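The chain contents come next:
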Amino acid sequence: MPHFTVVPVKDQAQSSYDSLEGINWVDYRDTGQENHDYQDTVSSDGHGNHSENSPFINNADAAGKKSDFYDRNLALFEEELDSRPKVSSFLSRLVNYTNITQGAKEHEEEESTEASHRETPKSPNMGTLMGVYLPCLQNIFGVILFLRLTWIVGMAGIMQSLLIVLMCCSCTMLTAISMSAIATNGVVPAGGSYFMISRSLGPEFGGAVGLCFYLGTTFASAMYILGAIEILLKYLVPQAAIFHATDTLGSDTAMLNNMRVYGTLCLTLMAVVVFVGVKYVNKLASLFLACVIISIVSIYIGAIKSVAHPPEFPICMVGNRTLVRDLFDVCAKTVTEGNITVPSQLWHRFCLPGNMSSAQCDEFFLQNNVTEIQAIPGLGSGIMRENMWGNYLQRGEILQKAGLPSVDVHGTMENFGMYVSADIATSFTLLVGIFFPSSTGIMAGSNRSGDLRDAQKSIPVGTILAITTTSLVYFSSVVLFGSCIEGVVLRDKFGDAVSKNLVVGTLSWPSPWVIVIGSFFSTVGAGLQSLTGAPRLLQAVAKDNIIPFLRVFGHGKANGEPTWALLLTGLIAELGILIASLDMVAPILSMFFLMCYLFVNLACAVQTLLHTPNWRPRFKYYHWALSFLGMSMCLALMFISSWYYAIVAMCIAGMIYKYIEYQGAEKEWGDGIRGLSLSAARYALLRLEIGPPHTKNWRPQLLVLLKLDEDLHVKYPRLLTFASQLKAGKGLTIVGTVIQGNFLDSFGEMQAAEQAIKNMMEIERVKGFCQVMVASKVHEGIVHLIQSCGLGGMKHNTVVMGWPYGWRQSEDPRAWRTFINTVRCTTAAHLALMVPKNVSLYPSNHERFTDGTIDVWWIVHDGGMLMLLPFLLKQHKVWRKCKMRIFTVAQMDDNSIQMKKDLALFLYQLRIEAEVEVVEMCDSDISAYTYERTLMMEQRSQMLMQMRLSSAERKREAQLVKDKHSMGSLYSVAEEEVVEASPQKDKMTWTREKWEAERRNKNAAPQNFKELMSLRPDQSNVRRMHTAVKLNEAIVNRSHDARLVLLNMPGPPRNTDGDENYMEFLEVLTEGLERVLLVRGGGREVITIYS
């Protein structure tokens, strides 16, 4: 699932919510204490799973059960705990989080209600070796190594074979680096490369490449089955062949028909095994891998042994031509029986019956000698020099050994079947396409990410180590084969020259059967694995519902097994079986795998260049240039292998892309370049309008509210500096201000203000737009800016505004009332809010912090803004060298040790490096200082209110003798509210009696100043002041020397009578701190642990 959801949900949806998240509720409270709140917030579903009645602790049932110290310590945030839970409540949902594979379903979609009845999944516990390294080895090593690598070395020579291996392994290594970056950028559920690409490049690319990867995996199963059947019919049970050649030229056709029949039977049997018991396939995987490893080890042992004791595998030559060895017994023209020399079986194969002296024989046979040479000269024989360079053949060309004496005469075609000949025309490009499948299989680790104990460490290490291992095996095998085996034997694809033995088996120790049996089981196992994985990949694509006609393949058996997808996979694999040639099928699947790897590299490069906030891979050894190099190599290998297959694969991917794109997408192109640009912009805006951005793509789109002085100069330019450091030129920035007045009269002033702001934006290097609003009242203009700025999907999601300095000294409450009104408006509009306090002390763009920390005080969870902002700031050169520290608050009944562990784990999954500290809020009584501070606050508030009332009366009495312009400059907010209540403001006169009646109705201010001395502080204010004092004490003690302190901003009170007290609480909360950034989330998650 893409993100954690922490918004209130209905009770009946909780079971699906819990199963959706994969999180089990765990209470932090000490187990030794009896606690009834746990029973009120967590219930059991009868299957051992706990489901929450409410995802947050501040529900109605539990409200009355809160202890006093809890209320005191978080009283500032208590009104919003239903939407912004305390951190311990949020972390408790993550403590048993498991990233088990979820199928391909979008994680933001809720699963069915039956999910709550599933058994609790086991926690992932596989390490790098068993979870990534060995599965990758099993998937990379395969049929090509045993059946075709010797043939490739014989045709291309050692040097060109090393180049082929280097190209293919470099391509997969670069892809693995890109894949490691993507896979460590969060959790990768089932779907592997499809999930990574679709979530990085969008559903169009994801769907196209997902289907290409599916087709590649399906054809891979066909290739493995054909390899298994080739081993069966050529080396294990040749007599099992159903079709037999009537002549020497028809042997290839008979073999292909046999492959089709047995391949279809084998495919059917494997499909039944996969349908009935997938668990058995997984259990046998270790056995199949053991067969591969034993076979490879036997090759190395045999090569080393050949230095002193090369195996005896003689091959028979006529002149320089290689003979099929199993068609005769003795490699000689004549044999001696007793004392009589008689023609041998070889003689009878080339000559008509009759007297030896007068027999009619093949001319080439008569004029050339029959010799016998060793197929395995050995590692010290020097054969390496002969095998160094390529020797490509055309179809039907006879295998010849250079250096043997031979009379070049034509023989008869009737004896062509006696010679070993090439069955297909070979070239460097063809061999690249045939070899590339032996370097695929690198996705095995990412596909198993749900089973890994630490996927973000295991996937890069295991995958790169597996590619390194297999590459070394391939490089050494090429050298060993070229150094030990005779060239004509290497070019003999099916081992006809060595009595139908598998060529690589002739080198193995102790017997060729080790390789034959081992390779057979390994190919069968690889085929089963492909038949198991391909339907699940198709099911993952189908369940995403981006290709409607595939929707049926998302369904399966009750246990989730993809029955319909398996059926389609079997039918497509049958097409590969009907091709019947391993050498023809291998380039097809090479195309599809290369297409997939190409887009993995593209996804990594695009994410790196875009610098999206969610792009935080734990794997650091990647670069966009490496990704582009890998992408270029994939594209080059596609056309090197087979240009027509490459075009077909790209056309298939393009058609799928267009199909998905046009599902509901409308395009309308204009004339000319400008029309094209306008249409593209319109299309992009309409695409953005479809819905809110995904959590992975969320970044702060800023609306910066500036204040101008009398000369229309920006009063606090460091607000723009802060915005430029936060944005680093990315995303949307709108700078807005409000001019009080009438639009018709103030148009020139508005233009001057706009130009001044643009000049300041250029100085501070802020890339964005400017918006100046003219309004009769400042707070109305700000509301208009918040509502109307932006266009379509290009709208702001975060508001940045300055702190109202001097609000305590001013008798006019408009400044802080406007501030609080803006806070309420941003909350109502579901926008995030940032308030930099002491912004004039913030660093300029030319300063550099060489040390220090950015401290985050995470009191309540409101979407993850506090985690994301320091990461974005650290991308700028000013803050780059600052370290990040995260502090959170534990109550007396919270297990602070467990909280610290869970917070560290959460940050690890977010790929954010930070020190973690849990601050315990002691159960202390409210101090006399807190009472005194609260009392002083309330007395001051009442005094100012009475002073404003007296002042307001005098202004109202004077309004009849003052002109309208002067009156407008004296208006207070209280006047505005009263005037708006009556349409005839010029005729309204307030008397002392009217005001006294109004005051008595509201029970607000005391009747005279003497009563101020007898005020008793309100208990809710005392609790809030206690929270502010205690938190400020903790923050100052630990973060007094921090470069920047980020802090949850409490929301304003729901009762507007306490607005002035709210400002005092914020002042107390941030006292003694040099740079403070108050942050409020917008009600949605902005950071995710997923890729």
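Reading the values: rules and limits
- Residues numbered from 1 in each chain as written.
- Predicted model: local features only at pLDDT ≥ 70, side-chain atom pairs only at ≥ 80, totals over all residues.
- Heavy atoms only, no water.
- Helix = DSSP H or I, 4+ residues; strand = E, 2+ residues; numbered from the N terminus.
- Buried < 20%, exposed > 50% of the residue type's maximum accessible area, 1.4 Å probe, protein only.
- Contact = heavy atoms within 4.5 Å.
- Areas by Shrake-Rupley, 256 points an atom, 1.4 Å probe, with all protein chains shown as cover.
- Pairing = 2+ DSSP bridges.
- Axes fitted to C-alpha atoms, helices over the stretch in contact; angles between N-to-C directions.
- Patch = residues over 30% accessible without salt bridge, like charges linked within 9 Å, V, L, I, M, F, W, Y side chains within 5 Å.
- Salt bridge = Lys/Arg side-chain N within 4 Å of Asp/Glu carboxyl O.
- Lys, Arg positive; Asp, Glu negative; His and termini not counted.
- Charge placed at Lys NZ, Arg CZ, Asp CG, Glu CD.
- Phe/Tyr/Trp six-rings, centres within 6.5 Å; stacked < 30°, edge-to-face > 60°.
- Disulfide = S-S within 2.5 Å.

(A) View of the overall build of the chain. Across its full length, the chain carries 37 helices and 17 strands. Scored against the burial criterion, the 1091 residues of the chain give a buried share of 56%. The contacts in the chain between residues at least 6 apart in sequence include a share of 81% that link residues at least 24 apart. Surface summary for the chain: the accessible area is close to 46900 Å², and the carbon and sulfur share equals 57%.

(B) Quick look at the sheet that holds strand S16 (residues 1044–1048). Spatially, 10 strands are ordered S10-S9-S8-S11-S12-S17-S16-S13-S14-S15 in an open sheet, and the strand pairing comes out mixed. Each edge of the open sheet carries a strand with a single partner, namely strand S10 (769–775) and strand S15 (915–920). Each strand of the sheet is rotated relative to its neighbour by a mean of 20 degrees, with strand direction disregarded. Of the strand pairs in this sheet, strand S8 (residues 702–705) and strand S9 (residues 733–740) are connected by 4 bridges, and their pairing is parallel.

(C) Molecular detail of the sheet that holds strand S7 (residues 370–374). Strand order in this open sheet of 3 strands is S4-S3-S7, and the pairing throughout is antiparallel. Pairing within the sheet leaves two strands with one partner each, and these edge strands are strand S4 (321–322) and S7. Relative to S4, strand S3 (residues 314–318) runs antiparallel, the two sharing 2 bridges. The residue of S4 that forms the bridge with Val318 is Arg321.

(D) Up close: a positive patch on the surface. Taken together, the side chains of Arg765, Arg848, Lys877 and Arg880 present a region of like positive charge at the surface. With respect to the helices and strands, Arg765 occurs in the loop between helix H27 (747–763) and S10. For Arg765, a relative accessible area of 56% gives the class exposed.

(E) Spotlight on the pairing of strand S11 (residues 798–801). Neither face of S11 is open: one carries Thr798 and Val800, the other Val799 and Met801, and all of them are buried. Pairing geometry for S8 and S11, over 4 bridges, is parallel. Along S11, the bridge assignment pairs Leu705 with Met801. Sheet topology note: the S11/strand S12 (residues 832–837) ladder contains 3 bridges and is parallel. By the bridge assignment, Val800 is partnered in S12 with Met834.

(F) How the structure looks around the environment of Gly210. Within the secondary structure layout, Gly210 lies in helix H10 (residues 203–236). Measuring from C-alpha to C-alpha, the distance between Gly210 and Ala653 comes to 9.3 Å, with 443 residues separating the pair along the chain.

(G) Quick look at the packing of aromatic side chains. On inspection of all chains with the given rule, the structure shows 24 aromatic pairs. Aromatic pair Phe141 and Tyr474: ring centres 5.8 Å apart, planes at 80 degrees, arrangement edge-to-face. With Phe141 in the loop between helix H6 (128–140) and helix H7 (143–147) and Tyr474 in helix H17 (residues 455–484), this pair connects stretches of sequence that are 333 residues apart. Residue classification places Phe141 among the buried residues on the basis of a relative accessible area of 5%.

(H) Layout of a nonpolar patch on the surface. Side chains of Leu635, Phe639, Trp643, Tyr644, Ile647 and Met650 sit close together on the surface and give an oily, nonpolar patch of about 580 Å² of accessible area. At the level of secondary structure, the elements contributing two or more residues to the nonpolar patch comprise helix H23 (624–641) and helix H24 (643–661). Among the elements that line the nonpolar patch, the one with the most residues is H24, at 4 residues. Following the sequence through the fold, Leu635 ends up in helix H23. Relative accessible area serves as the criterion here: at 35%, Leu635 is assigned to the partly exposed category.

(I) Representation of the pattern of salt bridges within the structure. For the structure on display, the rule yields 15 salt bridges. For Glu230, the salt bridge identified is with Arg148, shortest N-O distance 3.0 Å. Residue Glu230 is located in helix H10, and its partner Arg148 is located in the loop between H7 and helix H8 (149–183); the two are separated by 82 residues in the primary sequence. With relative accessibility at 3%, the residue Glu230 sits in the buried group. The salt bridge partner of Glu780 is Lys777, with a shortest N-O separation of 4.0 Å. Exposure remark for Glu780: the relative accessible area of 27% places this residue in the partly exposed category. Residues participating in the shared-partner salt-bridge network are Arg148, Glu230, Asp423, Lys493 and Asp583.

(J) Representation of the state of the cysteines in the model. Per the stated rule, a full pass over the model turns up 2 disulfides. Between the sulfur atoms of Cys316 and its disulfide partner Cys331 the distance amounts to 1.9 Å. Here Cys316 and Cys331 share a disulfide; its torsion about the S-S bond, 85 degrees, makes the bridge right-handed. On the criterion of sequence distance, the pair formed by Cys316 in strand S3 and Cys331 in the loop between S4 and strand S5 (334–337) is long-range, its members being 15 residues apart. Here Cys316 matches Cys331 in class, with each residue buried.

(K) Local environment of the side chain of Lys401. Note that Lys401 resides in the loop between S7 and helix H15 (428–435). Leave out the neighbours within four places in its chain, and Lys401 touches Met317, Asn320, Ile373, Ile383, Glu386, Glu486 and Val488.

(L) Spatial organisation of the side chain of Thr826. Structurally, Thr826 is set in helix H29 (residues 814–828). If sequence neighbours within four positions are ignored, Thr826 has contacts with Ile786, Val799, Leu831 and Leu833.

(M) Seen up close, the environment of Val281. With respect to the element layout, Val281 can be found in helix H12 (residues 278–305). Overall, the relative accessible area of 1% leaves Val281 in the buried class. The spacing of Val281 and Gln529 is 248 residues in sequence and 7.2 Å in space, taken between C-alpha atoms. When near neighbours in sequence (up to four residues on either side) are disregarded, Val281 contacts Val273, Leu528, Gln529 and Thr532.

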